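# Inside the fold
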Amino acid sequence: MLLSGGDPLTLSDDKLEWLLSRLRRIPHVEFIRIGTKVPAVLPMRITRNLTRMLRRYHPLWMSIHFTHPDELSPRGERGCARLADAGIPLGSQTVLLKGINDEVATLKQLYHGLLMRRVRPYYLYQCDPIHGSAHFRTSVERGLEIMRGLRGHTTGYAVPTYVIDAPGGGGKIPLLPEYRVGREGDDLLLQNFEGNHYRYPDPQDPGGGNAMRIGMTYDLREEYLAAGYGEEETAEFDSPDTVAAIRGALERRGHEVVPIGHVRALAARLVAGERWDLVFNIAEGLRGLAREAQVPALLEAYEIPYTFSDPLTLALTLDKGMTKRIVRDHGIPTAAFTVIYGEADLATVDLDYPLFAKPLAEGTGKGISARSHITWPRQLNAVCRDLLQRFQQPVLLEHYLPGREFTVGILGSGAEARSVGVMEILFTDHAEGLWLFVREQGALRGSCCLPPCR
């Protein structure tokens, strides 16, 4: 039971005892905790009469609030001594405030002073995002830096738990610097406060040995949009719902999931020494014709297993021209094509119309519209020049193949490969259409057709 407020110690002794006596009559109340700032800001209120009364209602704990070493006054020291002598365990909560106490030296001085007064520092709060407090709020990373500066550099009694009181009633969420960096076989890989790495023998439980620490790499569309990237540039990126759904599915199978983010976040965490048993990779990458291969290539350099295709496969398949050459060389039918690297290549095009033009290394229909379907030579230059300029990459030009389009998911390779599902690309009533003229039974008639989303 927490008695807070306002501040309960601003009540008279009689009123406070009236409250405590009635709380003590409730059968399921095991102990009472009083939250107060009085020992810091009004220490003369801690009288002998008050402490004699409080002793009658044990087990009684007190959460007091000290923010800065300047609050450690001689009168406050006497007040804390009276409470401690009355058998009341004392713990202090501190709010991290920018420009007030957001330095390791300041908090270390505060916490050492509290320990000398028999007060245990137990919470360091991230400042709540309440109206009018923005100038006091530090970044969470600053709070973690302070925790790194305390852990190992002073007694553990002087190191509180750094927490965020989650908005919307989510409770107190502890935040810690990363000291568990991964696993190799039966060894747990740890990093201490000095950044040194150690191995701790930790054989997997035979009954629960399948649980893994899984990192997740992804590109969140909303982050790139907030950074100023456009709708088309971010079309392939994922939503928070997608990331949350995958994370939830992995956690329901008993795995620990560590969100990582894009390739640069991955690189920073690898350099810092963090490791995972596996990385679930859905990152698309932002720059370069082989951008989808960047995350798996980096993970291979650090010998960390990951899901889905390897760097060679991802780099090859993102380059549609190279993919079609490999397919063709293996005798698999594919539409006639050429790659337009610059405007000079347009004069050498020798393909039968109709044609279809699209960026060489994009997905999710990026760069594709009704204009991508080219039926006459005069359309060719305008469409290809536009794609070259907009996407700053070559254009794949191929003979247009009408019909249905399917995506087949394949798991495994070689003789172990198997299909895990087939998806057909369907168009809604709002999809962009185009008119094709086809000759059927000797007559020329108009029919509505939609280009496949490639």
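Coordinates for the structure precede this section.
Source: prediction; values computed, not measured.

## So, helix α11 (residues 311-318)
At 3.6 residues per turn, the α-helix brings residues three or four places apart onto the same side. Along α11, the residues classified as buried are Pro-311, Leu-314 and Leu-318. One face of α11 carries all of its buried residues, which in axial projection span an arc of 70°. Of the surrounding elements, those touching the buried residues of α11 are α10 (294-301) and α12 (320-329).

## Focus: the packing of aromatic side chains
This model, assessed by the stated rule, comprises seven aromatic pairs. With a centroid separation of 6.4 Å and an interplanar angle of 55°, the aromatic rings of Phe-31 and Trp-61 are classed as tilted. On the criterion of sequence distance, the pair formed by Phe-31 in the loop between α1 (13-24) and β2 (32-36) and Trp-61 in strand β3 (residues 60-65) is long-range, its members being 30 residues apart. On the numbers, 4.8 Å between centres and 40° between planes, the contact of Tyr-122 with Tyr-123 is tilted. Looking at Tyr-122, the relative accessible area reads 22%, which means it is partly exposed.

## A short note on the sheet that holds strand β10 (residues 197-201)
An order of β8-β9-β10 is seen for the three strands of this open sheet, with the pairing classed as antiparallel. The outermost strands of the open sheet, each flanked by one partner alone, are β8 (180-184) and β10. Taking each pair of neighbouring strands and ignoring which way they run, the sheet shows an average axis angle of 30°.

## What about the packing of helix α9 (residues 263-271) against α10?
With their axes 10 Å apart at the nearest point, α9 and α10 run at an angle of 10° to one another. Between α9 and α10, the angle is such that the two are roughly parallel. Judged by residue contacts, Val-263, Leu-266, Ala-267 and Leu-270 of α9 engage Gln-294, Val-295, Leu-298 and Leu-299 from α10.

## What to know about the sheet that holds strand β12 (residues 256-261)
The strand order across the open sheet built from three strands is β12-β11-β13, with neighbouring strands paired in parallel fashion. Unpaired on one side and paired on the other, β12 and β13 (278-281) mark the two borders of the sheet. Recorded for the sheet is a direction-independent mean angle of 30° between the axes of neighbouring strands. Where strand β11 (residues 213-217) and β13 come together, four bridges link them in parallel fashion. Note on β13: the bridge partner recorded for Thr-217 is Asn-281.

## Some thoughts on the nonpolar core
Core analysis: the biggest nonpolar cluster contains 40 residues, and Leu-20, Leu-54 and Met-62 have the highest contact counts within it. Other than its neighbours up to four places away in sequence, Leu-20 contacts Leu-3, Ile-32, Ile-34, Met-53, Leu-54, Tyr-57 and Leu-60. Counting residues in hydrophobic clusters, the runner-up holds 14 residues, among them Ile-374, Leu-387, Leu-388 and Phe-391.

## Quick word on the pairing of strand β18 (residues 406-411)
Pairing analysis gives six bridges linking β18 to strand β19 (residues 418-424), with the strands arranged antiparallel. If you follow Thr-407 over to β19, its bridge partner there is Met-423.

## A look at the pattern of salt bridges
All chains considered together, the criterion is met by 22 salt bridges. Between Glu-17 and Arg-56 there is a salt bridge; the shortest N-O distance is 3.0 Å. Separated by 39 residues along the polypeptide, Glu-17 in helix α1 and Arg-56 in the loop between α3 (48-54) and β3 bring together distant segments of the chain. Residue Arg-56 is classed as exposed on the basis of its relative accessible area of 53%. Residue Glu-343 is joined to Arg-385 by a salt bridge in which the shortest nitrogen-to-oxygen separation is 3.1 Å. Pair noted here: Glu-343 is in the loop between β14 (337-340) and β15 (355-359) and Arg-385 is in helix α13 (residues 377-391), with a separation of 42 residues, a long-range link. When salt bridges with common partners are traced through the structure, they connect Arg-180, Arg-213, Glu-256, Arg-269 and Glu-274 into a single cluster.

## Focus on the side chain of Glu-71
When you line up the elements, Glu-71 lands in the loop between β3 and α4 (74-85). Among the polar contacts made by the side chain of Glu-71, one reaches the main-chain amide nitrogen of Thr-67 at a distance of 2.5 Å. Beyond its immediate chain neighbours, meaning those up to four positions away, Glu-71 contacts Lys-37, Ala-40, Val-41, His-65 and Phe-66.

## Brief notes about the packing of helix α5 (residues 104-116) against helix α6 (residues 140-150)
Put simply, α5 and α6 touch, their axes get as near as 9 Å, and they point 55° apart. Relative to α6, the element α5 lies oblique. α6 is crossed by α5, and the crossing has right-handed handedness. Residues Val-104, Leu-107, Lys-108 and Tyr-111 of α5 touch α6, and the partners they reach there are Ile-146, Gly-149 and Leu-150. For the contact of α5 with α6, the class distribution of residues is five nonpolar, one polar and one charged.

Rules of the game
Residues numbered from 1 in each chain as written. Predicted model: local features only at pLDDT ≥ 70, side-chain atom pairs only at ≥ 80, totals over all residues. Heavy atoms only, no water. Buried < 20%, exposed > 50% of the residue type's maximum accessible area, 1.4 Å probe, protein only. Helix = DSSP H or I, 4+ residues; strand = E, 2+ residues; numbered from the N terminus. Arc of directions from axis to C-beta. Contact = heavy atoms within 4.5 Å. Phe/Tyr/Trp six-rings, centres within 6.5 Å; stacked < 30°, edge-to-face > 60°. Pairing = 2+ DSSP bridges. Axes fitted to C-alpha atoms, helices over the stretch in contact; angles between N-to-C directions. Parallel < 35°, antiparallel > 145°, perpendicular 65-115°, else oblique. Core = buried A, V, L, I, M, F, W, Y, C linked by side-chain atoms within 4.5 Å. Salt bridge = Lys/Arg side-chain N within 4 Å of Asp/Glu carboxyl O. Polar contact = N/O pair within 3.5 Å; in protein donor to acceptor, adjacent residues only side chain to side chain. Left-handed = near helix turned anticlockwise from the far one by under 90°. Nonpolar A, V, L, I, M, F, W, Y, C, P; charged D, E, K, R; others polar.

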